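Architecture and fold: a report
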Amino acid sequence: MRPLHALLAALTASALSACGEPCANLSKALCDGGDPAYCQQVDAWLATRLIDPETKAPLEGQPRVQMCSTIYGSVDIFNAYRFKAKQVILGEPDFTLASSTPKENRADPTPPAKPSTPAVTAPRTPPAVMPELADKDKDDKEEDKPPANMSD
C-alpha cells in the first residue's frame, strides 16, 4: 500500500508542476497583465486574504492550495477577487462585475414596498355623562351589591 501513496504523491507533484502552483497561477491571473509593481501589490493583498478565518494565521500547505484552487476555479469568485484587488490597490475598478448566476436564480433587486402607515387621528373624548342617567346607574350598581354582613 505504501508504494501507492508514493505514486499518488509523485503524480500530484508532477501535475502541480505541469500546471503550475495554484496560488502562483491565481496571483498571476489576478494581476491581470499589470506592471510588476502592481503585481507585487496584488501578491501582498492576496496574502492578506488567504488566512484561516478562526485564527487569522496565513494558510499554508494543502489548505492554501485548496483555497487558491477554489478561487481560481469559480468564475464568480475569481472575478470578485480581481474586482476587489483593483478596487483596493488602484482605487476604482475598470470593469463592472457581472454575475454568471441565471436570472431565475437571482434575488429580486427591488426592495419590498413599505407598508403604509395609518393616518394619525386626534384622540376621541368619551361622551359626556348625563346627570339624570348617572344617578340611575348609581342606583343600579347599589342594587347589584350584596348586603353587608352585620352579624359579626
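In this text, all values refer to a predicted model and were calculated from it rather than measured experimentally.

Rules behind the numbers
Residues numbered from 1 in each chain as written. Predicted model: local features only at pLDDT ≥ 70, side-chain atom pairs only at ≥ 80, totals over all residues. Heavy atoms only, no water. Helix = DSSP H or I, 4+ residues; strand = E, 2+ residues; numbered from the N terminus. Buried < 20%, exposed > 50% of the residue type's maximum accessible area, 1.4 Å probe, protein only. Contact = heavy atoms within 4.5 Å. Areas by Shrake-Rupley, 256 points an atom, 1.4 Å probe, with all protein chains shown as cover. pLDDT = per-residue confidence, 0-100. Core = buried A, V, L, I, M, F, W, Y, C linked by side-chain atoms within 4.5 Å. Axes fitted to C-alpha atoms, helices over the stretch in contact; angles between N-to-C directions. Left-handed = near helix turned anticlockwise from the far one by under 90°. Nonpolar A, V, L, I, M, F, W, Y, C, P; charged D, E, K, R; others polar.

1. Considerations on the overall build of the protein chain
Helix and strand content of the protein chain: six helices and zero strands. In sequence order, the protein chain lays out its α and β elements as α-α-α-α-α-α. Expressed as a percentage of the 152 residues in the protein chain, the buried residues total 14%. Taking the contacts inside the protein chain whose residues are at least 6 apart along the sequence as the reference set, 45% of them involve residues at least 24 apart. When the accessible surface of the protein chain is summed, it comes to about 12500 Å², and 60% of that surface belongs to carbon and sulfur atoms.

2. Brief notes about the confidence of the model for the protein chain
Mean pLDDT over the protein chain: 74, with 58% of residues reaching 70 or higher. Mean pLDDT across the elements of the protein chain ranges from a minimum in helix α1 (residues 2-19), with 45, to a maximum in helix α4 (residues 61-73), with 93. Scored below 50 in pLDDT, residues 4-18 shows two contacts in the model against residues more than four places distant or in partner chains.

3. Comments concerning unusual backbone geometry
With phi around 55°, D32 is a residue other than glycine that occupies positive phi space. In this structure, D32 sits in the loop between α2 (22-31) and α3 (36-49). Non-glycine residue K56 carries a positive phi angle of around 65°.

4. Here we look at the nonpolar core
L26, L30, L46, L50 and Y81 are the most contacted members of the largest nonpolar core, which has 15 residues in total. Contributing elements (two or more residues each) for this core: α2, α3, α4 and α5 (75-90). At five residues, α2 tops the list of elements feeding residues into this core. Sequence-distant contacts of L30, defined by excluding residues within four places in its chain, comprise Y38, V42, L46, F78, Y81 and R82.

5. Here's the deal with the packing of α3 against α5
For the pair α3 and α5, the least separation of the axes is 10 Å and the interaxial angle reads 115°. For the crossing formed where α3 meets α5, the hand is right-handed. Across from Y38, Q41, V42, W45, L46 and R49 in α3, the residues of α5 making contact are Y81, K84, A85, K86, V88, I89 and L90. When grouped by side-chain class, the residues that make up the contact of α3 with α5 number nine nonpolar, one polar and three charged.

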